[in-house]
Amino acid sequence: MLFLLSLLCGSVEIPANEVWNAVMGGEVSKESWRYIVMESRVPQAVTASLCGASLAVSGLLLQTTFRNPLAGPSILGITNGASVGVAIVMLITGGVISLSSGDNSQFSILNFQFIGNIAVVIGAFLGSLLIIFILLVVSSMIKNSIMLLIVGIMVSYLASSIVMLLNIFANADNIHSYVMWGMGSFADVTLSQLPFFILVSLVGLLLSVLLIKPLNALLLGEGYATNLGINVHSVRRWLLIVTGILTATATAYCGPVAFIGLAVPHIARLIVRTSDHTILLPATMLCGASIALLCNVICQLPENIIIPLNAVTPIFGAPVIIYIIFRKR
């Protein structure tokens, strides 16, 4: 229902039957309506669904791994790593990555230019992959999950420091672009970019489903999981890889979306009232997709104004976290 509502809501009022015809390839009264639905609203709704599910599952994996109800996708610095990559692209190059060789003549052999969203996505992926690599190296040396969590927090601080330093040397326009990206949006994935976004997101979600059995074993503690024949260190590495894939993809395309990864797993637990990941993981996916779609609809409601995504997500996330803190005392 929320997916369909996302197709109907927007700054341009389009009748429901016209939206249906546009999606099904039928006759539409205005060709501009077909363009708006197929090039903007459909990619936006699909992006919100997958991004919400990805971030929610990432939060669930981390909360189970570290047995910490306040663990989230940004806690290990993966989101901040993506932010560093985007900051380098936007603050240093002004949103453009260009490669050239030779002189500046028309006979230059290499002259590639990736503008706007493509450059941002490349930067975010590279930044995230760097942090994932660092964490994988550290996890092979540090066997304690709490210590790895602390290392992740320190890496997150270092990434934030790099972004602040880059801001000093950037001009006002580039800083403005970076700030806008940091507000989050589901509207930046185009129809041509959508297949790759869907593929990578679904691969990450499928890998998370394959980890259900080890996740249930980790609920009993690392010692019990080891006695059950689970290779805890190998599972932890795979959890980092899956979390990295899901978080990096969502952050690269949608910005550092706040609170969904932190709060949605708790909402799913309150609904299904079980810690069994066979039930909890699919429920978390559905809750994440639903809340992301709801936030997307709210962002589109005001006429001629688009509310930043990160101005809406805390409305749902913050009260849940406060409730959990008081409940856990």
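Just above sits the structure.
Residues numbered from 1 in each chain as written. Predicted model: local features only at pLDDT ≥ 70, side-chain atom pairs only at ≥ 80, totals over all residues. Heavy atoms only, no water.

Please clarify how a nonpolar patch on the surface should be interpreted in this entry.
A cluster of nonpolar residues, L130, F133, I134, V137 and M141, forms a patch on the protein surface that exposes about 490 Å² of accessible area. On the secondary structure map, L130 appears in helix α5 (residues 117-141). (Patch = residues over 30% accessible without salt bridge, like charges linked within 9 Å, V, L, I, M, F, W, Y side chains within 5 Å. Areas by Shrake-Rupley, 256 points an atom, 1.4 Å probe, with all protein chains shown as cover. Salt bridge = Lys/Arg side-chain N within 4 Å of Asp/Glu carboxyl O. Helix = DSSP H or I, 4+ residues; strand = E, 2+ residues; numbered from the N terminus.)

Honestly, empty space enclosed by the protein in this entry has me stumped. Any pointers?
In this approach the atoms are scanned with a rolling probe the size of a water molecule, which exposes any empty space left behind. In this structure the tally under the stated criterion is two cavities of 30 Å³ or more. Taken as a whole, the largest cavity encloses approximately 50 Å³ of empty space. Together, A258, F259, I260, A263, V264, I267, I291, C295, T313, F316 and G317 line the largest cavity. Only α12 (260-272), α13 (277-300) and α14 (313-328) provide two or more residues apiece to the lining of the largest cavity. With four residues, the single largest contributor to the lining of the largest cavity is α12. Across the lining of the largest cavity, the residue classes break down as nine nonpolar, two polar and no charged. (1 Å grid on protein atoms, 1.4 Å probe; cavity = no way out; pocket = protein on both sides within 12 Å on 5 of 7 lines; lining within 4 Å. Points joined across faces, edges and corners; volume = space filled by probe spheres on them. Nonpolar A, V, L, I, M, F, W, Y, C, P; charged D, E, K, R; others polar.)

I would appreciate a short explanation of the side chain of T251 in the present structure.
As for its position among the elements, T251 is in helix α11 (residues 232-254). Looking at T251, its side chain comes within polar contact range of the main-chain oxygen of T247, at 2.8 Å. Dropping the residues within four chain positions of it, T251 is found in contact with T79, A82, W181 and P256. (Polar contact = N/O pair within 3.5 Å; in protein donor to acceptor, adjacent residues only side chain to side chain. Contact = heavy atoms within 4.5 Å.)

Whenever I open this one, the packing of aromatic side chains confuses me. Can you help?
The relative placement of two aromatic rings is captured by the distance of their centres and the angle of their planes. A complete count under the given rule lists one aromatic pair for this structure. With centroids separated by 5.1 Å and ring planes inclined at 70 degrees, the aromatic side chains of F197 and Y253 adopt a geometry described as edge-to-face. Note that F197 is positioned in helix α8 (residues 194-210) and Y253 in helix α11, a separation of 56 residues in sequence. A residue is classified by how much of its surface remains accessible, and Y253, at 7% relative accessible area, is buried. (Phe/Tyr/Trp six-rings, centres within 6.5 Å; stacked < 30°, edge-to-face > 60°. Buried < 20%, exposed > 50% of the residue type's maximum accessible area, 1.4 Å probe, protein only.)

What is the right way to look at the packing of α12 against α13 in this model?
Two numbers describe a pair of packed helices, the interaxial angle and the distance between the axes. The N-to-C vectors of α12 and α13 enclose an angle of 120 degrees; their axes lie 8 Å apart at closest approach. With respect to each other, α12 and α13 are oriented oblique. Crossing angle aside, the handedness with which α12 passes α13 is right-handed. On α13, the residues that touch I260, V264, P265, I267, A268, R269, I271 and V272 of α12 are I279, L280, A283, T284, C287, G288, I291 and A292. Residues belonging to the contact of α12 with α13 are distributed by class as follows: 13 nonpolar, two polar and one charged. (Axes fitted to C-alpha atoms, helices over the stretch in contact; angles between N-to-C directions. Parallel < 35°, antiparallel > 145°, perpendicular 65-115°, else oblique. Left-handed = near helix turned anticlockwise from the far one by under 90°.)

Which parts of the structure should I look at to understand the environment of A82?
Among the secondary structure elements, A82 is positioned in helix α4 (residues 78-92). Taking the C-alpha atoms as reference points, A82 and W20, separated by 62 residues in sequence, lie 37 Å from one another. With near-sequence residues (within four places) excluded, A82 lies in contact with G123, A124, G127, S128, W181 and T251.

Which parts of the structure should I look at to understand the pattern of salt bridges?
Side chains that differ in sign of charge can pair as their charged atoms come close. Enumeration over the complete set of coordinates arrives at one salt bridge. A salt bridge links R34 to E31, with the shortest nitrogen-to-oxygen separation between them at 3.1 Å. Taken together, the positions of R34 and E31, both in helix α3 (residues 31-66) and three residues apart, correspond to about one turn of that helix. With relative accessibility at 53%, the residue E31 sits in the exposed group.

Quick question: what am I supposed to make of the nonpolar core here?
The nonpolar side chains of a soluble globular protein tend to be buried with one another. One finds C51, Y178 and Y253 to be the most contacted residues of the largest nonpolar core, which totals 78 residues. The dominant element in this core, judged by the number of residues it contributes, is α3, at 14 residues. Residues contacting C51, with those up to four places away along its chain left out, are F186, F197, A250, C254 and V257. Judged by nonpolar contacts, the second largest core, of 13 residues, contains A71, L148, L149 and V155. (Core = buried A, V, L, I, M, F, W, Y, C linked by side-chain atoms within 4.5 Å.)

Would you explain the environment of V121 in this entry?
With respect to the helices and strands, V121 occurs in helix α5. When the C-alpha atoms of V121 and A318 are compared, they prove to be 28 Å apart, with 197 residues separating the residues in sequence. When near neighbours in sequence (up to four residues on either side) are disregarded, V121 contacts A252 and Y253.

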